[in-house]
Amino acid sequence: MQRLSRHRHRLVMSAKERLPLVGALPQALRDPILLMERAAREHPGELAPIRLGPLTVYLATRPEHFQHILVEHWHNFGKSGGMWKPMQRLLGQGLATSEGETWVRNRRLLQSLFSPRSLGRLTPTIVEGVEAFLATLQPLAGGVAPVDIERAMNRLVQRVFSGLFFGVGLDGDEADRLTGAILQSFAALNLRLFFYYLPAWVPLPGERALREGIAALDEALYARIRERYRGGVDREDFVSLLVRARDAETGEAMDERQLRDELVTMFVAGNETTASALTWIFYALSQHPEAEARVRAEIRDVLGERRPAFEDLDRLSYTRMAIQEAMRLYPPAWFFPRASVKEDVIGKVTVPARSLILLCPYITHRDPELWERPLEFHPERFAAEAAAEAARRPRFAYMPFGAGPRQCIGGQLAMMELQIAVAMMLQRYRLRLAPGAVVVPKSSISLRTRQGVPMMIATAE
């Protein structure tokens, strides 16, 4: 397989070097991926300390670190502080940011939404959303102007999610407002992640944009929640299911604020990461025609020209492998933070209480000690025939959806969406990177690109 080009930027200061007061903060703001890669190289096999402003954070990139933090001692590494603090402004006390009994209760309430039976019932909604979006690309097929696939995948996923959440697609204006609110909120939050230690009253750029983005999200979601409370219509969308949900132990329902927080969490997290994954999948396939040809052949054999059904997904095995490999090289959740409750020792490093730990699957997924030819796109590494090689790899060498008790609850739903979207897109269209285009990862809350992914779209033969 062809080797994927590794993105390169100008050299930055070593993570060991320090600037007065700010430490490595300018590097973190300019290119956190490059900073973390360099810090990991300078501290092989151990947590890497990085000073950001007045604080020291710890970078974890080894599978044994992940096991310690996410599984064996997960109670000591929570989401109540550090970088999660600014995220709570957007997500409230949703499943991603809550702790203790609130998290246990809400996880219990949400679990049934992601059972295999529920996922099977959601398949037609996903297919209809993808179909509706693909129709909008038809006028662009065969054109001379490239289409930004990153932006297009944002719209595709938003169309699907509007059906999953609300039962009916949002109209164009409302969809644009909601997508704009999400992107606006994320852009404003990205800066705050690196200044999380500042008091709330300290002004930072983008404060007004963040407040307006959250207000737009709240307006749309509260309107839908109250509509369900009033209407009594029996629907199978997420809003209706959560309105009807009852705690198995107490019989209690969620109040409006709890519903809002869970819906924002699911909508924001799922929308952002799924769109990111699709962007990188189509980019990777466009750079590897042999793998793309195998995916297309499998889609023809399994589906022909018909729409996919839930029962088809297991048979789209190579398609799934290509998705897994793209998510290895370009994990949407490329890093995520945890905060230590009390002092702990991870490997040979003592981590003080109330320290921030950054877990970075992006680096782990590309570690040559864990993966043969790590920078190559090679879907076959996820084949059943490669099970012996996979068994020799540490358990947490690959974790696109996290791990442990707080592993992403929507991982199976995301994989189902990705398989369906890839299959339906390639049934209808061919995508080729525009001549001269250079695609470079951009480190945001999810892994995005610096200048989009311009692609030429043609009708599939």
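Below is a summary of the structure that appears in this document.

Thresholds, definitions, all that
Residues numbered from 1 in each chain as written. Predicted model: local features only at pLDDT ≥ 70, side-chain atom pairs only at ≥ 80, totals over all residues. Heavy atoms only, no water. Helix = DSSP H or I, 4+ residues; strand = E, 2+ residues; numbered from the N terminus. Buried < 20%, exposed > 50% of the residue type's maximum accessible area, 1.4 Å probe, protein only. Contact = heavy atoms within 4.5 Å. Core = buried A, V, L, I, M, F, W, Y, C linked by side-chain atoms within 4.5 Å. Phe/Tyr/Trp six-rings, centres within 6.5 Å; stacked < 30°, edge-to-face > 60°. Lys NZ or Arg CZ within 6 Å of the ring centre and 35° of its normal. Pairing = 2+ DSSP bridges. Axes fitted to C-alpha atoms, helices over the stretch in contact; angles between N-to-C directions. Expected span 1.5 Å × (residues − 1). Polar contact = N/O pair within 3.5 Å; in protein donor to acceptor, adjacent residues only side chain to side chain. Salt bridge = Lys/Arg side-chain N within 4 Å of Asp/Glu carboxyl O. Arc of directions from axis to C-beta. 1 Å grid on protein atoms, 1.4 Å probe; cavity = no way out; pocket = protein on both sides within 12 Å on 5 of 7 lines; lining within 4 Å. Points joined across faces, edges and corners; volume = space filled by probe spheres on them. Nonpolar A, V, L, I, M, F, W, Y, C, P; charged D, E, K, R; others polar.

## Some details on the environment of L426
- Along the polypeptide, L426 turns up in helix 16 (residues 411–428).
- For L426, a relative accessible area of 5% translates into the label buried.
- Each C-alpha atom of the pair L426 and V295 lies 8.5 Å from the other, and the pair is 131 residues apart in sequence.
- Residues within four places of L426 in sequence aside, it is in contact with F282, L285, E292, V295, R296, I299 and A460.

## What to know about the nonpolar core
- L59 and F238 are the most contacted members of the largest nonpolar core, which totals 132 residues.
- When residues of this core are assigned to their parent elements, the largest contribution, 15 residues, is made by helix 11 (residues 256–286).
- Those residues within four positions of L59 in sequence are excluded, and the remaining contacts are M36, A39, A40, E46, L47, A48, I50, L358, C360 and I363.
- With 16 residues, the next largest nonpolar core counts Y58, L70, L359 and A403 among its residues.

## Looking at the packing of aromatic side chains
- The tally for this structure, following the rule as stated, stands at nine aromatic pairs.
- Note on W334 and F335: the rings are 4.7 Å apart at their centroids and 55° apart in plane angle, and the pair reads as tilted. Comparing W334 with F335, the two get one shared label, buried.
- Put simply, the rings of W280, Y283 and Y330 pair up and form one aromatic cluster.
- Just above the ring of Y330 sits the side chain of R366; from NZ or CZ to the centre is 5.4 Å.

## Considering the sheet that holds strand 4 (residues 147–148)
- An order of 4-12-9 is seen for the three strands of this open sheet, with the pairing classed as antiparallel. One side of each edge strand has no neighbouring strand; the edge strands of this open sheet are strand 4 and strand 9 (429–433).
- When strand 4 meets strand 12 (residues 454–459), the two strands line up antiparallel, connected through two bridges. Pairing of V147 across the sheet is with M455, part of strand 12.
- Against the sheet, helix 16 touches strand 9 and strand 12, its axis set at about 95° to strand 9.

## Quick notes on helix 7 (residues 149–166)
- The terminal C-alpha atoms of helix 7 lie 25 Å apart, and with 18 residues this matches the ideal 26 Å at 1.5 Å per residue to within 8%.
- A large share of helix 7 lies buried, amounting to 15 of its 18 residues.
- Where helix 7 begins, one side-chain oxygen reaches toward the backbone nitrogen of E150, 3.0 Å away; that side chain belongs to D148.
- Positive phi shows up at G167, right after helix 7, with a value of about 85°.

## Quick notes on the sheet that holds strand 2 (residues 55–60)
- The strand order across the open sheet built from five strands is 1-2-8-5-3, with neighbouring strands paired in mixed fashion. Sheet topology places strand 1 (48–52) and strand 3 (77–78) at the edges, where each strand pairs with a single neighbour.
- For strand 1 and strand 2, the ladder comprises five bridges, and the chain directions are antiparallel. Following the sheet pairing, I50 is matched in strand 2 by V57.

## What to know about the pattern of salt bridges
- Considering all chains together, one arrives at 25 salt bridges under this definition.
- When the shortest N-O distance is used, the salt bridge between R62 and E64 registers 3.4 Å.
- For the salt bridge of E325 with R328, the shortest nitrogen-to-oxygen distance reads 2.8 Å. One end of the pair is E325 and the other is R328, both in helix 13 (residues 317–329) and three residues apart, which spans about a single turn.

## Let's talk about unusual backbone geometry
- Positive phi, close to 60°, is recorded for R354, a residue that is not glycine.
- Note that R354 resides in the loop between strand 7 (349–351) and strand 8 (356–359).
- With a phi angle near 45°, R373 is a residue other than glycine that sits in the positive phi range.
- With respect to the helices and strands, R373 occurs in the loop between helix 14 (361–364) and helix 15 (387–392).
- A residue is classified by how much of its surface remains accessible, and R373, at 39% relative accessible area, is partly exposed.

## A short note on helix 4 (residues 84–91)
- Taken as a whole, helix 4 has its buried residues at W84, P86, M87, L90 and L91. Buried residues of helix 4 fall within an arc of 155° about the axis and therefore sit on the same side.
- Positioned one or two residues after helix 4, G92 has a phi angle of 60°, which is positive.

## What to know about the layout of surface pockets
- Of the voids in this model, the largest pocket is the one considered here, and its volume is about 550 Å³.
- Every residue lining the largest pocket is counted, 23 residues in all, and those nearest its centre are R320, F401, G411, Q412 and M415.
- Broken down by secondary-structure element, the contributors of at least two residues to the lining of the largest pocket are helix 6 (116–137), helix 13 and helix 16.
- Here the lining of the largest pocket takes five residues from helix 16, the largest share from any one element.
- Looking at the lining of the largest pocket residue by residue, the classes come out as twelve nonpolar, seven polar and four charged.

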